[in-house]
Structures are given as C-alpha cells and as structure tokens.
Amino acid sequence: MKKKVLGTLLSVAMVASMLVGCGGGETQTAAPAADAAPAATEEAPAADAEEAPAADAAEAPAATGGKKVGVAMPTQSSERWINDGANMKAQLEALGYEVDLQYAEDDVQAQVSQIENMIASGVNCLVIASIDSDALVNVEAQAKEAGIPIIAYDRLLMNTDAVSYYATFDNKGVGTAIGKYIEENAGLDPADPKTIEFFMGSPDDNNAHMLYAGLMEVLQPYLDNGALVCKSGRTSFDDTCILRWSQETAQQNCENYLTGFYADEDLDICATAFDGFAYGCKAALEGAGYTDENWPMITGQDAELMATKNIISGKQTMSIYKDTRLLAEKCVTMVQAVLEGAEPEINDTEQYDNGKIVVPSYLCTPVAVDQSNYEKIIVEGGYYTAEQLAE
C-alpha cells in the first residue's frame, strides 16, 4: 500500500518525534466540557503539535477542496486525550482541512449527539475515539449511508462495518511490555514468591481486553508456579476490570485489598494498566503507611507528566510511553488518503476483528520507560522538557 505523508507541511520537530516510537485511559482531574480545541495546559508535551506551521494559504484550499473533518474524543479528564485532540486538529488544519473537534466528557449520549451533529453539518470524514462503541453502531450506520468514511482512533469501533481504518498503539503489545517489565525486574522465583494485585481497564474498551491478554501471556506461568501470588484471588479480566478507567475505583480497590489481604504482609506489585490507576494505588499505599522501605512496584500506561514525575521520585516504577504526536500524525495521513481516494499505510490486517469485519489498522509501538531511560526517551525525544519534570 502506498503511503501518503505530510511532507513539508509538518515541522522538523514533528518529524523528529516520529523517531522515538508510538504507543488508554482516563486520569484523576475532571476538566470542563468544550466544543472546540482545548487550550494548551501546563501538562501538554513540550513539542506539542500546535506548533506545526500552518499550510500555505494559497495552496491549502486547492489541496483539500475545503473539506471538513469531525473529530470525536471521549473526555478532557485525561491528559492524553487533550493532547491527542490538539495534535490532530493542528495537523489537519496545517493541511487546510476544517476541523470540528468535540469532547463528550465520558457521556455516551453526548458523544452520539455530537457525531449526529457532525454528520448533519456535512463533514467529509469522521475520526472517532469512542466512549462505548456499542452505543455508536446506529450513528455509524448513518455516516455510512451518508457516504462518510470513519477512522477509529485508539479505541476499536465494535460491531460495525462502517469503520474504514483504525489507528492505534499495539494494545496487546502494551500488556506484553508491562508483563515483561515485571518478569525482568521483580525477581520472580517460586522459592521467594512475590505478591501481586491487578488493576485492568474498562470492560467496554476493546484495548483493555487486548492489554490484559498480552499481560497474562507473560505472567500466568508465574501465577501457576507460585512465583507470583495474588492473595485476593482476583486475576481474571472480569474481576479486575475498572469501568471508564476510573482512578477513584482503582484507589478503592487497592484500599480494600490492603485492608483485607495485606494487613500482615506487604503487597509487592501493583500491576496497573494505566497511569490513573497508578495514582490511585499510590494514594492507597500512602494511606496504609507504606514507605520507601516497602514501596511496591507500580506499573502504568501513557507516561503522563505526573506519572513521569512519580517515576523520577520512585513512587511509580514504570509506564508505557505513547507518543500522541505520532499517533495523531498516522491518523492524519489516513484521513488525507481517504479524502484523496488513496490507500493509507497500514501494518496489520489480522488482529482487529470488531465482530463484523477485520479492520485494517496501523499499530504504533509501545515503549516501557522507567528511571533508567526516561531522559533519553521522553526528554531527548522532546515530549516533556527537563524543566516541566522539575516543577
């Protein structure tokens, strides 16, 4: 398949960021609803795509034909979704497209209404990061009937044949990377068992299921041979999943585990699927009196600014770095190809069966970061500055 690239329309800084690699969840702080692109925040990556130069005014309309793209994002309560939306909007506008960016604040019906309004307004393409994909089946059918192509963004749209492509991180690979980090760094030995508890993602998010599958492929043998012991007994996805990636629920679960199962023995590993869960576990552990002497390994995903600061301080062990700039760029090339009648670059035609079709996908590679490599991956990669991390 031939690749459509952004060429000189994106800055050298953006192109440089693509060399780092590319890799969901919601965080702890609620943000107000917005119908337009969110303002830049202190937590935005240092090399934010908002800095990309605008397309030449004389060339853009001819290149894009005045076409409009609707971008439906799930929430602004997570740093990563704010950055995803801002990066994509900037890159699409740099190509001369009009962009309607909407956040639904984890309200399923609000997202349905937003997409209906985008269809009614005459968008030429839809990019959707769903809250609950099953709730979008009917509105996706409306888009298909109207001839509007749909690109799923980092959350697979399930049970629909209206989706054309999928841009995401290798979600099973995220789970595998977390599992391998635990395997390689926790000293797993049946003669010296380590205790572990699991905090997995939302059951209505296909990514969460794939992450769990990758994680347990690595860790299940150690649960079987006794090197890992889960004293709560909660190891299945159904027992460990957390609806809407709620940090508060993760904290409550961790508090319950510590009270019910670890009064006389330390918890060694919090295997969490998201930085927000890591924050919840951190709060629960501090409340239970854990200190540097018995602080457990805590995993995460997204390498948020706060998570990276926690990694530096030793309060979180690792996270999965996911460069939202690169994921947005890959999605933008998909949009551009679809609107120009070309074929976008894809690298997976097998994994993402949504119940109706296997969706052609582009998968970015997740990267594990900890104290040993965050400076090289995150700071030198321009995602955060050393000054941001020192604040």
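Residues numbered from 1 in each chain as written. Predicted model: local features only at pLDDT ≥ 70, side-chain atom pairs only at ≥ 80, totals over all residues. Heavy atoms only, no water.

Engineer: Is there a simple way to think about the sheet that holds strand 5 (residues 163-169) in this case?
Structural biologist: Either a parallel or an antiparallel arrangement is found when strands of a sheet pair, and the pairing is made through backbone hydrogen bonds. Ordered by their spatial adjacency, 6 strands build an open sheet running 2-1-3-4-5-11, and the pairing between neighbours is parallel. Both outer strands of the open sheet, strand 2 (98-103) and strand 11 (361-364), are each paired with one neighbouring strand and no more. Neighbouring strand axes in the sheet, compared pairwise and without regard to direction, differ in orientation by 15° on average. (Pairing = 2+ DSSP bridges. Helix = DSSP H or I, 4+ residues; strand = E, 2+ residues; numbered from the N terminus. Axes fitted to C-alpha atoms, helices over the stretch in contact; angles between N-to-C directions.)

Engineer: Looking at this structure, how should I read the pattern of salt bridges?
Structural biologist: Two side chains that carry opposite charge are able to pair once their charged atoms sit near each other. Taken as a whole and assessed by the stated rule, the structure comprises 15 salt bridges. One salt bridge in this structure joins Lys-172 and Glu-217, with 2.7 Å as the shortest N-O distance. On the criterion of sequence distance, the pair formed by Lys-172 in helix 6 (residues 171-185) and Glu-217 in helix 7 (residues 206-225) is long-range, its members being 45 residues apart. In this structure Lys-172 comes out as partly exposed when scored by relative accessible area, which is 28%. With a relative accessible area of 52%, Glu-217 lands in the exposed category. The closest approach of N and O atoms between Lys-315 and Asp-292, which form a salt bridge, is 3.5 Å. (Salt bridge = Lys/Arg side-chain N within 4 Å of Asp/Glu carboxyl O. Buried < 20%, exposed > 50% of the residue type's maximum accessible area, 1.4 Å probe, protein only.)

Engineer: Even after reading the chapter, I still don't get the sheet that holds strand 9 (residues 297-298), so can you show me in this structure?
Structural biologist: The 4 strands are arranged 7-6-8-9 in an open sheet whose pairing can be described as parallel. This sheet does not close on itself; its edge strands, each paired only once, are strand 7 (228-229) and strand 9. Relative to strand 7, strand 6 (residues 194-199) runs parallel, the two being bridged by 2 bridges. Bridging across to strand 7, Lys-194 finds its partner in Leu-228. Set on the sheet, helix 7 makes contact with strand 6 and strand 7; between it and strand 6 the angle comes to about 145°. (Contact = heavy atoms within 4.5 Å.)

Engineer: Would you take a moment to explain the environment of Ala-227 for this structure?
Structural biologist: Locating Ala-227 in the fold gives a position in the loop between helix 7 and strand 7. The class for Ala-227 is buried, based on a relative accessible area of 0%. Sequence separation between Ala-227 and Ala-191 is 36 residues; the distance between their C-alpha atoms is 7.2 Å. Excluding its chain neighbours within four sequence positions, the residues that come into contact with Ala-227 are Leu-188, Asp-189, Pro-190, Pro-193, Lys-194 and Tyr-222.

Engineer: Looking at this structure, how should I read helix 3 (residues 79-94)?
Structural biologist: With 16 residues, helix 3 should reach 22 Å at 1.5 Å per residue; the first-to-last C-alpha distance of 23 Å fits that figure. Once helix 3 finishes, Gly-96 follows within two positions and takes phi at roughly 100°, a positive value. (Expected span 1.5 Å × (residues − 1).)

Engineer: What am I meant to see in the environment of Gln-76 here?
Structural biologist: Within the secondary structure layout, Gln-76 lies in the loop between strand 1 (68-73) and helix 3. Residue classification places Gln-76 among the buried positions, given a relative accessible area of 6%. Considered as a pair, Gln-76 and Tyr-103 are 27 residues apart in the sequence and their alpha carbons are 6.6 Å apart.

Engineer: I'm lost on the packing of helix 10 (residues 275-287) against helix 11 (residues 305-313) in this one. Help?
Structural biologist: In helix packing, the relevant descriptors are the interaxial angle and the interaxial distance, both defined with respect to the helix axes. Between helix 10 and helix 11, the least distance of the axes is 9 Å, while the angle of their chain directions is 50°. In terms of axis orientation, helix 10 runs oblique to helix 11. As for how helix 10 packs across helix 11, the hand of that crossing is left-handed. Here Asp-275, Tyr-279 and Lys-282 of helix 10 lie close against helix 11, whose contacting residues are Met-306, Ala-307 and Asn-310. Per-class residue counts for the contact of helix 10 with helix 11 are 3 nonpolar, 1 polar and 2 charged. (Parallel < 35°, antiparallel > 145°, perpendicular 65-115°, else oblique. Left-handed = near helix turned anticlockwise from the far one by under 90°. Nonpolar A, V, L, I, M, F, W, Y, C, P; charged D, E, K, R; others polar.)

Bear in mind that shape data such as this cannot, by itself, settle questions of function.
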